[in-house]
Amino acid sequence: MLTKIRERAANSSLRPEFVCGEAKFRSIAEAIACAIFISQGEQLNYVNHAAETMTGYAREELLSMNFWDLVRPDCRELVLKREGARHGSARQYEVKILTKNGDERWLDISTEMIEFDGVLASLHSAVDLTERKLAEEKVQLLAVTDPLTGLGNYHRLVEALDAEAKRTERTGRPFAVLLLDLDQLKKINDRYGHLIGSRALCRVADVLRVFCRSIDTAARYGGDEFAVILPETTAAAARLVALRIRSLLATDSLEPPLSASVGVAVYPQDGETIGALLRTADRELYGMKPV
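Rules of the game
- Residues numbered from 1 in each chain as written.
- Predicted model: local features only at pLDDT ≥ 70, side-chain atom pairs only at ≥ 80, totals over all residues.
- Heavy atoms only, no water.
- Helix = DSSP H or I, 4+ residues; strand = E, 2+ residues; numbered from the N terminus.
- Axes fitted to C-alpha atoms, helices over the stretch in contact; angles between N-to-C directions.
- Parallel < 35°, antiparallel > 145°, perpendicular 65-115°, else oblique.
- Left-handed = near helix turned anticlockwise from the far one by under 90°.
- Contact = heavy atoms within 4.5 Å.
- Nonpolar A, V, L, I, M, F, W, Y, C, P; charged D, E, K, R; others polar.
- Buried < 20%, exposed > 50% of the residue type's maximum accessible area, 1.4 Å probe, protein only.
- Polar contact = N/O pair within 3.5 Å; in protein donor to acceptor, adjacent residues only side chain to side chain.
- Pairing = 2+ DSSP bridges.
- Phe/Tyr/Trp six-rings, centres within 6.5 Å; stacked < 30°, edge-to-face > 60°.

> Could you give me a rundown of the environment of E52, with the residues and numbers involved?
Tracing the backbone shows E52 in helix 3 (residues 49-55). Spatially, the C-alpha atom of E52 lies 8.0 Å from that of A35, the residues being 17 residues apart in sequence.

> Let's hear about the packing of helix 9 (residues 194-211) against helix 10 (residues 235-250): which residues, and what values?
The geometry of helix 9 relative to helix 10 is characterised by a closest axis approach of 10 Å and an angle of 135° between their N-to-C directions. With respect to each other, helix 9 and helix 10 are oriented oblique. Here helix 9 runs over helix 10; the crossing is right-handed. Residue-level inspection shows V204, V207, L208 and F211 of helix 9 in contact with helix 10, the latter providing R244, I245, L248 and L249. A breakdown of the residues in the contact of helix 9 with helix 10 according to their chemical character gives seven nonpolar, no polar and one charged.

> Which residues make up the side chain of H124, and what values do they have?
Inspection of the secondary structure puts H124 in strand 5 (residues 119-128). Accessibility expressed as a relative area gives 4% for H124, which makes it buried. Of note is the side chain of H124, whose polar atom sits 3.5 Å from the side chain of S39. Reaching out from H124, the side chain makes a polar contact with the side chain of T111 at a distance of 2.9 Å. Residues within four places of H124 in sequence aside, it is in contact with A35, I36, F37, S39, F67, Y93, I109, S110 and T111.

> Please give an account of the sheet that holds strand 2 (residues 43-47) that cites residues and values.
Strand order in the open sheet formed by five strands is 2-1-5-4-3, and the pairing between neighbours is antiparallel. Where the open sheet ends on each side, the last strands, each with one partner, are strand 2 and strand 3 (91-98). Averaged over neighbouring strand pairs, the angle between their axes works out to 35° when direction is ignored. Pairing geometry for strand 1 (residues 35-40) and strand 5, over five bridges, is antiparallel.

> So, the packing of aromatic side chains: which residues are in play, and what are the values?
For the coordinates displayed, the defined rule picks out five aromatic pairs. Taking the centre distance of 6.0 Å and the plane angle of 35° together, the rings of Y154 and Y221 count as tilted. Pair noted here: Y154 is in helix 7 (residues 154-171) and Y221 is in the loop between strand 7 (217-220) and strand 8 (225-231), with a separation of 67 residues, a long-range link. According to the relative accessible area criterion, Y154 is partly exposed, its value standing at 46%. A relative accessible area of 24% places Y221 in the partly exposed class. Between F175 and Y267, the aromatic rings sit 5.2 Å apart at their centres with planes inclined by 25°, giving stacked as the arrangement. Separated by 92 residues along the polypeptide, F175 in strand 6 (residues 175-182) and Y267 in strand 9 (residues 260-267) bring together distant segments of the chain.

As structure tokens, this is what we get:
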């Protein structure tokens, strides 16, 4: 049904019967699940029931608004920039809107020029993509998340290291990497069982979350190894963070008691490549391991 509306809208200048079929158009538009917004100039001139449901606004409220009032400003600017580089009457794009209660929803918008009530107008038809977008975001998150600890996984670590190296090349400001290894994990598994060993890894992850700033990245590097990327951090500041992490683990009252060895490396002085940087931190880490 939506396809028929779009086809008729696209051919409206060649098909006069579209102009005189407004009643039929309104009947169809009210019956479909796709949201329809028609604007003439700056004002919305018509919306269907699906538009009310999708936005949370009553029809009277929508008719007092501009269509772009619904679109988040960052998405609005992006669409307008794309529109400036495109030609032709039919346009399609994805935008994020804010509903009346403040929720965000992703919409797939198709915009075409039509004649409506004998006047040139813009027809915006919208399909709700929110559930699909949330599912895609969940899949993307799972792809870079360690399932046990909830921290980033090795793939996320590599992405973050690459991004920080490029940032340092632009700004000249260093970043630090901590490699942390949970001591005696095998003994914990042998004595208490693998469930307690897994919980011990999660306890380490919780400590790292406490010390991570919003700009830091904590990841599970391997079986019992973790990494923390500290942007714009000197070696001295990174060693202080490492000391605090070890102290917090040592004072944890849960059983079994935990300890960790931590190696520090700073880019680029401790390694001009990511591999060299991690090897430097790894050597320092194993120099701290208990015998």
